[in-house]
Amino acid sequence: MSHNVVYGREKYMDLSFIIPLYNKSEEQFKRCISSILEVKDITYEVIVVDDGSSPDMGKIYKEICANNGLSYYYEDNSGVSAARNYGIEKAKGRYVTFVDADDYIVPILSSQDLSAQSDLIVFDVKKINTVYKKSYKVKLTDCTSNNIFEGKQLLKKVLENGILNWVFSKIYSRDYLQKNNIYFDTSHVNGEDLDFIVKLLLSNPSTIYIDKVLYVYLYSYSTGLEREKRKLKNNLNDMYYIWNLRKSILQKINSNDLKNKNTDIDNEYVKNIFEMYSHIVNDNYKEAKKYKETFEKFLYKINPENRNISMINKLKIIAVERGWLEMIRKYVQLKKSIKKITSM
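Residues numbered from 1 in each chain as written. Predicted model: local features only at pLDDT ≥ 70, side-chain atom pairs only at ≥ 80, totals over all residues. Heavy atoms only, no water.

What to know about a nonpolar patch on the surface
- A grouping of M311, I312 and L315 is seen on the molecular surface, where their side chains present a nonpolar patch of about 320 Å² in accessible area.
- Inspection of the secondary structure assignment puts L315 in helix 10 (residues 311-321). (Patch = residues over 30% accessible without salt bridge, like charges linked within 9 Å, V, L, I, M, F, W, Y side chains within 5 Å. Areas by Shrake-Rupley, 256 points an atom, 1.4 Å probe, with all protein chains shown as cover. Salt bridge = Lys/Arg side-chain N within 4 Å of Asp/Glu carboxyl O. Helix = DSSP H or I, 4+ residues; strand = E, 2+ residues; numbered from the N terminus.)

Thoughts on the pattern of salt bridges
- What the rule picks out here adds up to 17 salt bridges.
- Note that K292 is salt-bridged to E296, the shortest N-O span being 3.1 Å. Within this pair, K292 and its partner E296 are both found in helix 9 (residues 285-300), separated by four residues, close to a single helical turn.
- On the basis of relative accessibility, which here comes to 12%, the residue E296 falls in the buried class. (Buried < 20%, exposed > 50% of the residue type's maximum accessible area, 1.4 Å probe, protein only.)

Structural notes on unusual backbone geometry
- Of note in the backbone geometry, N23 takes a positive phi value of approximately 55 degrees without being a glycine.
- Along the chain, N23 falls in the loop between strand 1 (13-21) and helix 1 (26-36).
- Residue class for N23 comes out partly exposed when judged on its relative accessible area of 35%.
- Despite not being glycine, N146 has its phi angle at roughly 70 degrees, a positive value.

Details of helix 1
- Among the residues of helix 1, F29, C32, I33, S35 and I36 are the ones counted as buried. Down the axis of helix 1, the buried side of the element spans an arc of 155 degrees, and every buried residue falls inside it.
- Elements that come into contact with the buried residues of helix 1 comprise strand 1, strand 2 (44-51), helix 2 (55-68) and strand 5 (104-105). (Arc of directions from axis to C-beta. Contact = heavy atoms within 4.5 Å.)

Topic: empty space enclosed by the protein
- Following the criterion strictly, the structure yields one cavity of 30 Å³ or more and no others.
- If you list the elements that add at least two residues to the lining of the largest cavity, you get strand 4 (93-98) and strand 10 (206-219).
- Split into classes, the residues belonging to the lining of the largest cavity amount to six nonpolar, two polar and no charged. (1 Å grid on protein atoms, 1.4 Å probe; cavity = no way out; pocket = protein on both sides within 12 Å on 5 of 7 lines; lining within 4 Å. Points joined across faces, edges and corners; volume = space filled by probe spheres on them. Nonpolar A, V, L, I, M, F, W, Y, C, P; charged D, E, K, R; others polar.)

Laid out in structure tokens, this is it:
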């Protein structure tokens, strides 16, 4: 295979791809690295951090890495944030970027993309729902491609559910991250990407946006739900943390739309909490009853009686309070039916 992976102990290269890995299928992993190895115009390394996969899978990953000139490191299971931090410390590239092992990239990177000497480079994302086979492009809105600007100008965009909620599809100056002590907070199991991006933007990196799709994000709601259910309380705490984080950002920016932004943040929080609970209801009534008080507690954290909460979200809160499980289950089924129809 002909590619531009740098072998050996070279101290300089353009880019380090960092892939955290935990028990992904051999097929997924091969698809991911194959897409990276198609990059031709820059020099790079691929750092694979195995976050405690099973011995059998670890053996497969290690062999694939050895056959393709990739760096393989095994760590006891500590989560994706710890794996990414480990990758940053091992990296030798002038820039670093993060790729999840079940996603892949579009090999469009060129030396020209890295020539601006900026601290942060933002690319577009292609998001694919693997259940409904529906895809769409996620862009950095209201930004001119190939213009350099201050990172703080993007802070208002982290209030939205968009490209700045993810760490992928971005290239970071390794030196800038390390000099500013910007790493992932290992205490979070959800929202770690947003937390990292906020810390980065508050440090005001020189930033450039390039209007090209670099990253393909494969998503299914069931996958996300299973991940959330494994550490339910942690995920709920992180949702509340994100709500607080967005509220604090709102105080740091000049916005002519302060009231509407506050309203959006509150309603997004209620929506996300309810969505998680509704799928537990749909999956298992017994579990839903078990966790009812926990979800109520987190809904009450932001005072659901406040005027910011929309009528539909107030109804969702009431449905949780009164245990309207059958109605909640029908809500989930209706949403699934609508998605199926609209994806045809």
